[in-house]
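# Analysis of the macromolecular model
Residue-level listing of the chains:
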Amino acid sequence: MKKSIFDHIIHGGDYNPDQWINTPEIWDEDMRLMNLAHVNSATVSIFSWSMLEPQEGVYNFEWLDKLLDKLHENGKEVILATPSGARPTWLAQKYPEVLRVEETGIRNEYGVRHNHCLTSPIYREKVRNINTLLAQRYKDHPAVKMWHISNEYCGECHCDLCQEAFREWLKKEYNNSLDELNYKWWNGFWSHQITDWSQINSPKFRGENHVSAMKLAWNRFVSESHISFFENEIAPLREITPDIPITTNFMKLYDGIDYQKFAKHLDLVSWDNYPAWDRGFNDTEACDTAFVHDAFRTMGGGKPFFMMESTPSLVNWHNVNKLPRPGRQELSSIQAVAHGADSVQYFQWRKSRGGHEKYHGAVVDHCGHENTRVFREVSHLGSVLEKLSNVVGEECNSKVAVIADWENSWAVKHFCGFNNDHRDYFKECIKWYAPFYKKGISVDVISMEDDYSKYDLVIAPFLYMLKDGTIDRIESYVKNGGNFVTTYLFGFVDKDDFCYLGGFPGGKLKDVFGVWCEETDSLPEGMKNSVKYNGKDYDVVKICDLIHAKGSEVQGTYQKDFYKDYPAITKNTYGKGNAYYVAFRNDDNFTDDFCYDLIDKYGIKADTEIKAEDGVTIRKRGDTIFIMNFADTEKTIMLDKEYTNVVDGVSVKGEITLTVCGYIILE
Ligand SMILES: [Zn+2]
């Protein structure tokens with residue numbers, strides 16, 4: 001079923017005409033250029049607070065009135081931003097409490113962006129006020145189609161207000177009981193018993209930073225503070241403009257906020273996509289990016305998402321900013337659509353003349369005209385996107401899920417022990433995602449709290465921490481016929497990083513998997529063990545569990561060290577399903593080969609019957625098939641039947657060749 005806010009792909013991006021307010025001819029030229037570039041949308045007013053409220057209580061909306069009218073007259077749809085991501089100087093000067101206090105305990109001075117306290121009642125009030133005025137003024141404006149809340153929420157504040165809010169949060173979390181908190185944080189260790197709530201402060205380098213349960217609690221508190229700040233921001237918008245959908249732009253795998261929880265507060269999930277193509281053109285970056293697209297699509301309940309930012313050429317924030325080769329941005333944009341995006345948007349439409357981001361890529365460069373390589377590429381892509389209205393709103397159908405859980409990423413980062421040099425949680429998740437991606441199999445990326453029942457196969461790499469209810473969820477899934485794969489350090493602790501007693505994994509998972517883990521070995525850089533699986537030897541690196549099979553079938557064993565012949569891969573049939581334990585980390589082909597066996601065994605189907613060479617990926621969305629070449633050489637694909645090329649309407653069959661950065665869209 002189609003679930004979409006728009007009936008076409010949104011093509012546009014961040015537009016900052018307030019920077020050109022004294023040159024109205026530039027605004028007119030922008031309209032001409034947007035039409036040439038097949039741009040149908042603009043995201044405006046993201047950092048416009050000081051233009052909208054130049055002095056406290058003194059407002060200037062006239063420029064925005066004119067701009068929205070102009071965009072509407074030119075057929076452009078507007079995504080209107082709220083300006084809380086950066087504040088006017090007067091506000092910070094008059095109310096210093098709105099400025100953020102860093103982990104050092106020192107309050108920041110005015111400057112940069114994202115520099116605000118998440119708790120400050122004054123800042124929350126000021127944000128609510130400006131948002132109310134925006135909503136009242138533009139609630140009936142025909143150009144305004146969506147709200148873009150703030151920008152790239154991130155960071156944390158350690159001010160007194162936030163410390164007090166943290167203590168209040170802890171009281172709720174631990175039933176107002178210091179005994180319970182002391183127990184779950186195991187505060188008898190190093191004599192850390194807390195006898196009054198006021199003794200608790202945020203984790204700090206020069207203070208308490210060795211209590212992993214406390215650090216987890218702080219992560220949760222900060223994440224919930226962002227969500228509560230967001231809810232405060234949108235309250236007037238929900239009231240005044242209930243029919244205008246709301247989004248905010250997330251940042252890749254940023255772990256300062258639990259995006260899986262935040263997403264539930266949005267009408268549509270958006271993210272800013274900046275693949276590091278300049279590190280070398282390869283399909284690994286494409287796989288990493290595909291994983292993130294799939295994660296955001298899944299967070300939004302499988303509905304289409306927006307790629308709210310991307311660069312039409314280079315960025316300015318890498319150490320060295322290499323120009324991407326021609327065609328790369330177009331391919332990258334098509335990949336987003338193939339994975340469920342209903343938009344291709346840029347940061348930014350026009351380069352600033354001054355300021356920090358003046359050398360960040362833009363559709364319109366400082367030269368100011370359309371005769372540039374980048375403009376021609378954007379314009380070409382825009383003309384392609386106009387042909388793709390059939391995919392708008394279409395979902396992807398996945399029978400495989402990889403659990404990549406934000407809260408587990410925190411737990412994995414905080415505990416001390418085993419291999420402290422190598423945690424790489426999300427990297428491990430991507431490693432287990434990759435074999436399915438390469439085979440053109442759609443994968444959802446879920447949290448441990450999501451519903452597993454719709455999947456034939458669920459893979460949970462490095463699922464060290466288990467939130468309440470997860471043990472039951474896994475047990476019930478397997479018992480009812482699901483196939484669940486997990487790896488090393490599985491189910492060691494509960495949500496407070498509190499070890500399960502009686503052997504790992506915790507509770508009845510030992511029965512579900514038919515194993516118990518007695519010890520865990522860590523391998524220094526360069527040291528390897530190996531595992532024999534299906535007659536082939538695979539490397540064991542960095543970390544491995546020493547497990548005992550308790551009724552499970554041993555499918556692979558260690559080949560060296562005192563634990564030679566110990567089980568390393570087990571399969572346990574439990575109820576109607578199967579539970580696999582892969583006890584080690586591997587950096588070569590094991591994960592691929594093991595997953596390919598699961599694909600065969602459980603009859604997991606690729607999106608299409610078309611076979612492609614390595615480096616070429618195939619995705620199906622609705623009835624539309626995207627074949628994309630991310631390799632650095634030309635590739636040949638054999639089609640299984642006759643298709644129509646969506647872009648030119650021509651029939652295609654047999655062998656087709658894709659150039660470097662080439663793609664074809666078929667129906
Ligand atoms: Zn604060």
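What counts and what doesn't
- Residues numbered from 1 in each chain as written.
- Predicted model: local features only at pLDDT ≥ 70, side-chain atom pairs only at ≥ 80, totals over all residues.
- Heavy atoms only, no water.
- Helix = DSSP H or I, 4+ residues; strand = E, 2+ residues; numbered from the N terminus.
- Rg over C-alpha atoms; globule rule 2.2 N^0.38 Å.
- Buried < 20%, exposed > 50% of the residue type's maximum accessible area, 1.4 Å probe, protein only.
- Areas by Shrake-Rupley, 256 points an atom, 1.4 Å probe, with all protein chains shown as cover.
- Lys, Arg positive; Asp, Glu negative; His and termini not counted.
- Charge placed at Lys NZ, Arg CZ, Asp CG, Glu CD.
- Salt bridge = Lys/Arg side-chain N within 4 Å of Asp/Glu carboxyl O.
- Donors = N, O, S within 2.8 Å, 3.2 Å for Na, K, Ca; no water.
- Tetrahedral: all angles 85-135°; square planar, octahedral: opposite > 155°, others 65-115°.
- Phe/Tyr/Trp six-rings, centres within 6.5 Å; stacked < 30°, edge-to-face > 60°.
- Lys NZ or Arg CZ within 6 Å of the ring centre and 35° of its normal.
- Pairing = 2+ DSSP bridges.
- Contact = heavy atoms within 4.5 Å.
- Axes fitted to C-alpha atoms, helices over the stretch in contact; angles between N-to-C directions.
- Parallel < 35°, antiparallel > 145°, perpendicular 65-115°, else oblique.
- Left-handed = near helix turned anticlockwise from the far one by under 90°.
- Nonpolar A, V, L, I, M, F, W, Y, C, P; charged D, E, K, R; others polar.

## Focus on the overall build of the protein chain
Helices and strands together make up the secondary structure of the protein chain, namely 17 helices and 27 strands. A globule of 667 residues ought to have a C-alpha radius of gyration of about 26 Å, and the protein chain, at 26 Å, matches this closely. Taken over 667 residues, the protein chain has a buried fraction of 60%. For the protein chain, the accessible surface area stands at approximately 26400 Å², while carbon and sulfur atoms represent 49% of it. If the 75 positive side-chain charges of the protein chain are averaged to one point and the 99 negative ones to another, these points end up 1 Å apart.

## Some details on the pattern of salt bridges
Evaluated as defined, the whole model comprises 44 salt bridges. Two residues, Lys 536 and Asp 593, come together in a salt bridge whose shortest N-O distance is 3.2 Å. One end of the pair, Lys 536, is in strand β16 (residues 536–549); the other, Asp 593, is in helix α17 (residues 590–601), and 57 residues separate them in sequence. On the basis of relative accessibility, which here comes to 40%, the residue Lys 536 falls in the partly exposed class. Notably, a salt bridge pairs Lys 564 with Asp 565, separated by 3.9 Å at the nearest N-O pair.

## Quick look at the coordination of the zinc ion
Think of it this way: four donors in a tetrahedron around the metal ideally sit 109.5 degrees apart, and six in an octahedron ideally sit 90 or 180 degrees apart. Summarising the metal site, the zinc ion is bound by the protein donors Cys 117 (SG), Cys 157 (SG), Cys 159 (SG) and Cys 162 (SG), whose distances to it range over 2.3 Å. Bound by four donor atoms, the zinc ion shows angles of 101 to 118 degrees at the metal and therefore tetrahedral coordination geometry. All donor residues of the zinc ion come from one chain, and their arrangement in sequence is C-x39-C-x1-C-x2-C. Placement of the pair is Cys 117 in the loop between α4 (89–94) and α5 (121–138) and Cys 159 in the loop between β4 (144–148) and α6 (160–173), with a sequence separation of 42 residues. The pair Cys 117 / Cys 159 is uniform in exposure class, with both members buried.

## Observations concerning the packing of aromatic side chains
One pair of aromatic rings is described through two measures. These are the centre distance and the angle between the planes. Going through the model one piece at a time under the given rule, you end up with 57 aromatic pairs. With 6.4 Å between their ring centres and 65 degrees between their planes, Tyr 563 and Tyr 566 make a pair best called edge-to-face. Each ring, one from Tyr 580 and one from Phe 594, has its centre 5.9 Å from the other, and the planes form 85 degrees; the classification is edge-to-face. In this pair, Tyr 580 sits in strand β19 (residues 577–582) while Phe 594 sits in helix α17, placing the two residues 14 residues apart along the sequence. Above the plane of the ring of Trp 20 lies Arg 350, whose end atom (NZ or CZ) is 5.6 Å from the centre.

## Here we look at the sheet that holds strand β2 (residues 41–44)
Reading across from one edge, β5-β4-β3-β2-β1-β9-β8-β7-β6 is the order of the nine strands in this open sheet, with parallel pairing throughout. Both edges of this open sheet fall to β5 (246–247) and β6 (249–251), since each of them pairs with a single strand only. As paired strands, β4 and β5 are joined by two bridges and run parallel to one another. Of the residues in β5, the one forming a bridge with His 148 is Thr 247. Set on the sheet, helix α10 (residues 283–299) makes contact with β6, β7 (270–272) and β8 (305–309); between it and β7 the angle comes to about 155 degrees.

## Some thoughts on the sheet that holds strand β27 (residues 663–666)
Strand order in the open sheet made by the three strands is β21-β22-β27, with antiparallel pairing throughout. Looking at which strands have only one partner, the edges of the open sheet turn out to be β21 (616–621) and β27. Averaged over all pairs of adjacent strands, the angle between strand axes in this sheet comes to 15 degrees, irrespective of strand direction. Sheet analysis places β21 next to strand β22 (residues 624–629), joined by six bridges and oriented antiparallel. Residue pairing for β22: Ile 618 is matched across the bridge by Ile 627.

## Notes on the pairing of β19
When you tally the buried positions in β19, you get six out of six residues, the bulk of the element. Bridge count for strand β13 (residues 483–487) against β19 is five bridges, and the pairing is parallel. Bridging across to β19, Thr 487 finds its partner in Val 582. Relative to β19, strand β18 (residues 567–574) runs antiparallel, the two being bridged by six bridges. When the bridges of β19 are listed, Tyr 574 appears paired with Gly 577.

## Examining the environment of Ile 21
Structurally, the position occupied by Ile 21 is in the loop between β1 (10–15) and α1 (24–36). Owing to a relative accessible area of 31%, Ile 21 belongs among the partly exposed residues under this scheme. For Ile 21 and Gly 57, which are 36 residues apart along the polypeptide, the C-alpha to C-alpha distance reads 21 Å. Residues within four places of Ile 21 in sequence aside, it is in contact with Trp 27, Met 51 and Trp 63.

## So, the packing of helix α14 (residues 425–438) against α17
Orientation of α14 relative to α17, taken along the N-to-C sense of each, is 55 degrees, at an axis distance of 9 Å. Accordingly, the angle class assigned to the pair α14 and α17 is oblique. Read as a crossing pair, α14 and α17 show a hand that is right-handed. Residues Lys 431, Trp 432, Pro 435, Phe 436 and Lys 438 of α14 form the contact with α17, whose participating residues are Phe 590, Thr 591, Asp 592, Phe 594, Cys 595, Tyr 596 and Ile 599. Across the contact of α14 with α17, the residue classes break down as eight nonpolar, one polar and three charged.

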